[in-house]
Amino acid sequence: MSEQKISRRDQILQSLAAMLQNNPGQRITTAALARQVGVSEAALYRHFPSKARMFEGLISFIEETIFSRVSIITKSDADAVRQCEQLLTLLLTFVEKNPGMARILTGDALSGETERLRMQVNQVFERLETQLKQILREAEIKSGLRTRASAGVTANLMLASAEGRIRQFVRSEFKRKPTASWADQWQVLAASSFREAAVPA
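This structure is a prediction, so every number in the text was calculated from the model and none was measured.

The rules we used
- Residues numbered from 1 in each chain as written.
- Predicted model: local features only at pLDDT ≥ 70, side-chain atom pairs only at ≥ 80, totals over all residues.
- Heavy atoms only, no water.
- Salt bridge = Lys/Arg side-chain N within 4 Å of Asp/Glu carboxyl O.
- Helix = DSSP H or I, 4+ residues; strand = E, 2+ residues; numbered from the N terminus.
- Buried < 20%, exposed > 50% of the residue type's maximum accessible area, 1.4 Å probe, protein only.
- Contact = heavy atoms within 4.5 Å.
- Core = buried A, V, L, I, M, F, W, Y, C linked by side-chain atoms within 4.5 Å.

This part covers the pattern of salt bridges. Inspection of every chain in the model, using the stated rule, returns nine salt bridges. A salt bridge links Glu113 to Arg27; its shortest N-O distance comes to 3.5 Å. In this pair, Glu113 is assigned in the loop between helix 6 (99-106) and helix 7 (115-143) and Arg27 in the loop between helix 1 (2-22) and helix 2 (30-37), connecting sequence segments 86 residues apart. Classification of Arg27 by relative accessible area gives exposed; the value is 52%. Notably, a salt bridge pairs Glu140 with Arg146, separated by 3.3 Å at the nearest N-O pair. The partly exposed category is assigned to Arg146, whose relative accessible area is 43%.

Written out as structure tokens, the structure reads:
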């Protein structure tokens with residue numbers, strides 16, 4: 001019984017993510033979602049007390065997916081420059097594979113929804129920025145790696161670059177891929193962010 005409930009919850013969340021992807025720019029109603037899932041609106045509410053809780057479920061999925069992998073990156077033997085690149089590439093690859101999640105991360109899908117959801121998304125980006133800052137600060141202490149600006153300023157610049165690419169992805173209705181030319185852009189970003197000795201040739 002409980003497995004069946006979990007399966008239905010997942011089905012609802014997957015359907016919501018698919019609708020966000022297939023209907024760019026449109027607000028998703030519970031009536032439309034119920035039709036997509038093939039159940040009544042009342043059945044939706046048996047699993048989620050509100051649409052906001054459905055979005056919370058997707059935001060939790062984003063957090064769990066991204067930060068479980070961020071943990072692997074930060075525990076690796078890669079140097080700080082490489083770890084920063086891997087973290088940002090992870091974020092861009094995730095949204096490219098999950099366009100519906102990109103709409104959540106930009107706030108596009110949350111228009112008209114509760115402020116709490118936008119705050120949760122803000123916290124995702126704040127955690128990512130904090131993680132980048134920590135990578136840079138630890139590298140300076142452990143290996144003398146230096147950034148041209150402070151660790152905080154550099155982390156913010158890196159994340160802003162990735163956020164901009166996600167916004168372009170959503171604005172283009174998922175035609176402009178976030179990872180397109182990213183490797184080349186990272187080289188430019190790294191060269192301007194780190195002291196010359198820290199950037200691999």
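Anyway, onward from the coordinates.
This part takes up the environment of Met54. Tracing the chain through its elements places Met54 in helix 4 (residues 51-74). Once residues within four sequence positions are removed from consideration, Met54 is found in contact with Ile12, Leu13, Leu16, Leu33, Leu44 and Phe48.

So, about the nonpolar core. A general trend in soluble globular proteins is that nonpolar side chains are found buried together. By size, the foremost hydrophobic cluster in this structure holds 65 residues, and its most contacted members are Leu33, Leu88, Leu91, Ile104, Leu128 and Trp186. For Trp186, the residues in contact, after removing those within four places along its chain, are Val81, Cys84, Glu85, Leu88, Met158 and Phe194.

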